[in-house]
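Coordinates in review
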Amino acid sequence: LWTFDDPFLYRVRARLYLREQLVDESQWHRFGFREFSRRGSDFILNGKTTHLRGHQIDLGWGNQMERVKELKAAGMNCFELSGPIRNNWYAGTPYRPRQFREILDYADEHGLLALPVLPSARILKDRIFEPGVAKLYKRRIDKHIRRFGNHPSIGMWFMNFNLAGSRWYIAPTKIDGSFKPENEA
């Protein structure tokens, strides 16, 4: 099983033969087995309660591979990953799928749990509930997960669903509506 301490990975390649003649073969693919779930407020990795210790990695700030290596060296076991475009997927932000994949590969090989952020609904606001917009958004999410989802290091995908548009996340104690950010931008 893939774990933080022993991130065991398998390799597989498919070959197609016709009458003992090789007619096609796939590239090698890496994969790992693990079970990651939640029970109450506990996170469970392969049946054992685990405590996640990590930080945020955002490819909007450029190549973050050295930062991921620093997290591992500091004893962290997970990280939130925004990318291959910043979690808001703003126009003009560089698209970095190679760096996104390299970071997930490193996490696979070194026992780090990645928590990738899906594209934010913030820029769509209430339009996310329109059937046509919701359908396109779902198609984009499905494509993104199919492209990057086969990594044992991915613990969960999550979405920033900040429809209020506040620049900073709101602390749970402020959800009652009393919090008014100074800068709404």
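All of the points below concern the structure found in this document. (Residues numbered from 1 in each chain as written. Predicted model: local features only at pLDDT ≥ 70, side-chain atom pairs only at ≥ 80, totals over all residues. Heavy atoms only, no water.)

With that out of the way, let us pick up the packing of helix α1 (residues 65–73) against helix α2 (residues 97–110). Between α1 and α2, the shortest axis-to-axis distance is 10 Å and the interhelical angle comes to 20°. As the angle between them shows, α1 and α2 are arranged roughly parallel. Like other packed secondary-structure pairs, α1 and α2 cross with a definite hand, here right-handed. Of α2, the residues touching α1 (which contributes M65, V68, K69 and K72) are E102, I103, Y106 and H110. Each residue belonging to the contact of α1 with α2 can be placed in one class, and the counts come to four nonpolar, one polar and three charged. (Axes fitted to C-alpha atoms, helices over the stretch in contact; angles between N-to-C directions. Helix = DSSP H or I, 4+ residues; strand = E, 2+ residues; numbered from the N terminus. Parallel < 35°, antiparallel > 145°, perpendicular 65-115°, else oblique. Left-handed = near helix turned anticlockwise from the far one by under 90°. Contact = heavy atoms within 4.5 Å. Nonpolar A, V, L, I, M, F, W, Y, C, P; charged D, E, K, R; others polar.)

A cluster of nonpolar side chains, namely L1, F8, Y10 and F33, defines an oily patch on the protein surface of about 420 Å² accessible area. Among the structural elements, L1 can be located in the segment before β1 (10–12). Taking the relative accessible area as the measure of exposure, L1 reaches 59% and is therefore exposed. (Patch = residues over 30% accessible without salt bridge, like charges linked within 9 Å, V, L, I, M, F, W, Y side chains within 5 Å. Areas by Shrake-Rupley, 256 points an atom, 1.4 Å probe, with all protein chains shown as cover. Salt bridge = Lys/Arg side-chain N within 4 Å of Asp/Glu carboxyl O. Buried < 20%, exposed > 50% of the residue type's maximum accessible area, 1.4 Å probe, protein only.)

Glancing now at α2. Relative to the 20 Å expected for 14 residues at 1.5 Å per residue, α2 spans 20 Å between its end C-alpha atoms, a close match to the ideal helical length. Three or more residues of α2 are buried, namely P97, Q99, F100, I103, L104, Y106, A107 and D108. Considering only its buried residues, α2 is in contact with β4 (29–31), β8 (54–58), α1, β9 (78–82), β10 (113–118) and α3 (131–148). Of the residues flanking the end of α2, it is G111, one or two places downstream, whose phi is positive at about 70°. (Expected span 1.5 Å × (residues − 1).)

What follows deals with α3. Look at α3: 26 Å from first C-alpha to last across 18 residues, which is about the 26 Å you get at 1.5 Å a residue. Those residues of α3 lying buried are V133, Y137, I141, H144 and F148. Across the axial projection of α3, the buried residues extend over an arc of 65°, all falling on one side. Residues of α3 that are exposed and point over 90 degrees away from its buried face: P131, K135, L136, K138, R139, K143 and R146. Looking at the packing, one finds that the buried side of α3 touches α2, β10 and β11 (158–159). (Arc of directions from axis to C-beta.)

Before going further, it helps to examine the pairing of β8. Inspection of the sheet shows β8 paired to β9 by five bridges, in the parallel sense. In the strand pairing of β9, I57 is matched with L81. With α1 bridging β8 and the parallel β9, this β-α-β connection has right-handed handedness. (Pairing = 2+ DSSP bridges. Right-handed = clockwise from strand over helix to strand, strands pointing away.)

Topologically, N77 is positioned in the loop between α1 and β9. Since its relative accessible area comes to 4%, N77 is described here as buried. Reaching out from N77, the side chain makes a polar contact with the backbone oxygen of H51 at a distance of 2.9 Å. A polar contact of 2.7 Å, which involves the side chain of N77, links it to the backbone nitrogen of R53. (Polar contact = N/O pair within 3.5 Å; in protein donor to acceptor, adjacent residues only side chain to side chain.)

What is shown is where atoms sit, not what they do.
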